[in-house]
Amino acid sequence: MKSICVISGGGSGMGLEAAKILGRKHKIILMGRTVAKLENAVKQLRDAGIEAEAYPADASHRESVRQLAAYASQQGEVKVLIHAAGVSPHMTDAQKIFEINAIGTMNMDEEFVKIMPEGSCILNVSSMSAYMLPADKAPKQIYKLSLSDAEAFRLAVNQMLSQVPPEQQTGTAYTLSKNFVLWYTARMAVKFGKQGIRIVSISPGTFKTPMGEIEGKEAASFAERGALGRMGEPEEIAEMMAFMVSDECSYLTGVDILYDGGSVAALQAMREDRAQ
Ligand SMILES: NC(=O)c1ccc[n+]([C@@H]2O[C@H](COP(=O)([O-])OP(=O)(O)OC[C@H]3O[C@@H](n4cnc5c(N)ncnc54)[C@H](OP(=O)(O)O)[C@@H]3O)[C@@H](O)[C@H]2O)c1
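The structure contained in this document is the topic of the report that follows. (Residues numbered from 1 in each chain as written. Predicted model: local features only at pLDDT ≥ 70, side-chain atom pairs only at ≥ 80, totals over all residues. Heavy atoms only, no water.)

### A few points about the overall build of the protein chain
Inference 1: When you go through the protein chain residue by residue, the secondary structure sums to 10 helices and 7 strands.
Inference 2: Over its C-alpha atoms the protein chain spans a radius of gyration of 18 Å, differing by no more than 12% from the 19 Å that the globule rule assigns to 276 residues.
Inference 3: Its C-alpha atoms give the protein chain principal-axis dimensions of about 60 × 40 × 35 Å.
Inference 4: A separation of at least 24 residues holds for 75% of the contacts in the protein chain among residues at least 6 apart in sequence.
Inference 5: Carbon and sulfur atoms make up 52% of the accessible area of the protein chain, which amounts to about 13,000 Å² in all. (Helix = DSSP H or I, 4+ residues; strand = E, 2+ residues; numbered from the N terminus. Rg over C-alpha atoms; globule rule 2.2 N^0.38 Å. Contact = heavy atoms within 4.5 Å. Areas by Shrake-Rupley, 256 points an atom, 1.4 Å probe, with all protein chains shown as cover.)

### Section: the site of the ligand
Inference 1: Near the ligand there are 30 residues, and of these Ser12, Arg33, Thr34, Asp58 and Thr209 occur at the shortest range.
Inference 2: Here Gly205 contributes a backbone N or O atom positioned 3.4 Å from an oxygen atom of the ligand.
Inference 3: Against a free-state accessible area of 870 Å², the protein chains account for coverage of 94% of the ligand.
Inference 4: Judged by the proximity of its atoms to the pocket grid, the ligand belongs to the largest pocket.
Inference 5: Counting only elements with at least two residues in the shell around the ligand, the list comes to α1 (13-22), β2 (27-32), α7 (169-192) and α8 (210-224).
Inference 6: The dominant element in the shell around the ligand, judged by the number of residues it contributes, is α8, at 3 residues.
Inference 7: Looking at the shell around the ligand, its residues break down into 14 nonpolar, 12 polar and 4 charged. (Near = heavy atom within 4 Å. Polar contact = N/O pair within 3.5 Å; in protein donor to acceptor, adjacent residues only side chain to side chain. 1 Å grid on protein atoms, 1.4 Å probe; cavity = no way out; pocket = protein on both sides within 12 Å on 5 of 7 lines; lining within 4 Å. Sits in = over half its atoms within 2 Å of the grid points. Nonpolar A, V, L, I, M, F, W, Y, C, P; charged D, E, K, R; others polar.)

### Details of helix α3 (residues 62-75)
Inference 1: Here α3 contains 14 residues, and its C-alpha end-to-end distance of 20 Å stays within 8% of the 20 Å for a straight helix at 1.5 Å per residue.
Inference 2: Restricting attention to buried positions, one finds in α3 the residues Ser64, Val65, Leu68, Ala69 and Ala72. The arc that holds the buried residues of α3, viewed along the axis, is 135°, so those residues lie on one side.
Inference 3: Structurally, α3 contributes buried residues whose contacts are with β1 (4-8), β2, β3 (52-56), β4 (78-83) and α4 (94-113).
Inference 4: Following α3 by one or two positions, Gly76 adopts a phi angle in the positive range, close to 155°. (Expected span 1.5 Å × (residues − 1). Buried < 20%, exposed > 50% of the residue type's maximum accessible area, 1.4 Å probe, protein only. Arc of directions from axis to C-beta.)

### Structural notes on the pattern of salt bridges
Inference 1: The tally for this structure, following the rule as stated, stands at 13 salt bridges.
Inference 2: We note a salt bridge from Asp247 to Lys25, for which the minimum N-O separation is 3.9 Å. On the criterion of sequence distance, the pair formed by Asp247 in the loop between α9 (234-245) and β7 (256-259) and Lys25 in the loop between α1 and β2 is long-range, its members being 222 residues apart.
Inference 3: On the basis of relative accessible area, Asp247 is assigned to the partly exposed category, the value being 46%.
Inference 4: Residue Lys25 is classed as exposed on the basis of its relative accessible area, which comes to 51%.
Inference 5: For Arg230, the salt bridge is made with Glu236, and the minimal N-O distance between the two is 2.8 Å.
Inference 6: Residue classification places Arg230 among the partly exposed residues on the basis of a relative accessible area of 39%.
Inference 7: Look at Glu236 and you get partly exposed, because its relative accessible area is 28%.
Inference 8: Sharing partners across several salt bridges, the network here consists of Arg62, Glu63, Arg66, Glu110, Glu111 and Lys114. (Salt bridge = Lys/Arg side-chain N within 4 Å of Asp/Glu carboxyl O.)

### Let's talk about the sheet that holds β1
Inference 1: Read from one edge of the open sheet, 7 strands run β3-β2-β1-β4-β5-β6-β7, paired in parallel fashion. The strands lining the two open edges of the sheet, one partner per strand, are β3 and β7. Across this sheet, the average inter-strand angle for adjacent strands is 20°, counted without regard to direction.
Inference 2: Each of β5 (120-125), β6 (197-204) and β7 touches α7; the most contacted strand, β6, lies at about 165° to it.
Inference 3: Sheet contacts for α9: β4, β5, β6 and β7; angle to β6, the most-contacted strand, approximately 165°. (Pairing = 2+ DSSP bridges. Axes fitted to C-alpha atoms, helices over the stretch in contact; angles between N-to-C directions.)

### Focus on the pairing of β6
Inference 1: Within β6, 8 of the 8 residues are buried, which leaves it mostly tucked inside the rest of the structure.
Inference 2: Here β6 shows a buried face lined by Ile197, Ile199, Ser201 and Ser203 and a second buried face lined by Arg198, Val200, Ile202 and Pro204.
Inference 3: Across 6 bridges, the pairing between β5 and β6 is parallel. Pairing of Leu123 across the sheet is with Val200, part of β6.
Inference 4: Pairing of β6 with β7, which is carried by 4 bridges, proceeds in the parallel orientation. When the sheet's bridge partners are listed, Ser201 is paired in β7 with Asp256.

And the structure:
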């Protein structure tokens, strides 16, 4: 029986591209909220000879994720979870961004570590936006609440967001939620490493996916100012995602890979040059 790879947000974008590579080795379960999108993605995979199925669920709803994990474990050994589901600043309001990107990551990781065997790997998808919050500015005391009391964590973040000017709230919620994903990935890796479960994250720059298109010209021009001077193709990041969860990376855990075509490096270089 083939091992299972679950991909949240796998109905489109980089999750779907990763499925095309990981499907060579694993049976794929694509998860997302929109049934038609998932069915279309499953058809693409099956046409390419990949064993795949759709499982509609919402990462921000714990019970929905619990049922997904239970279903996946009945299909075989779940060796890989790619948690790519996420929403960006122009898609919804600040609270929803936080619920899907931050609480959604907790829901996925916490339910899947219960059913994943030794030698398995979770890859959380963050964003280069996470790097816009310097390490000493990240509210780690608030992040720590997520480990013991999700409701207190939610309340503290919503309190923080309510103090931000309305026009900056969705951007702040996105940066904060993705910065949290880096912190949380490292903490979860420490907690589950001795069970033989690796937990890593990847921070994409600007990619040509449905989300990249919604974020529009501003995102594109940021990419153009990066070291490589262009947006990324989803196929490019899919290769890195597949490599990170593979057995070739068996000593990689608790870290983030910034996969952004040098966007953050170019921004830092510009800031340093200006400060001189
Ligand atoms: N593209 C970029 O430039 C870029 C840059 C930095 C970071 N990222 C991150 O990369 C990840 C993948 O994004 P993408 O670029 O591939 O865009 P995408 O094509 O929009 O993929 C995101 C997927 O997440 C799903 N999703 C959203 N909310 C969900 C929820 N609550 N539960 C389950 N599924 C949900 C969406 O499907 P439904 O709406 O049907 O659920 C969609 O298929 C995201 O986490 C994003 O934040 C992307």
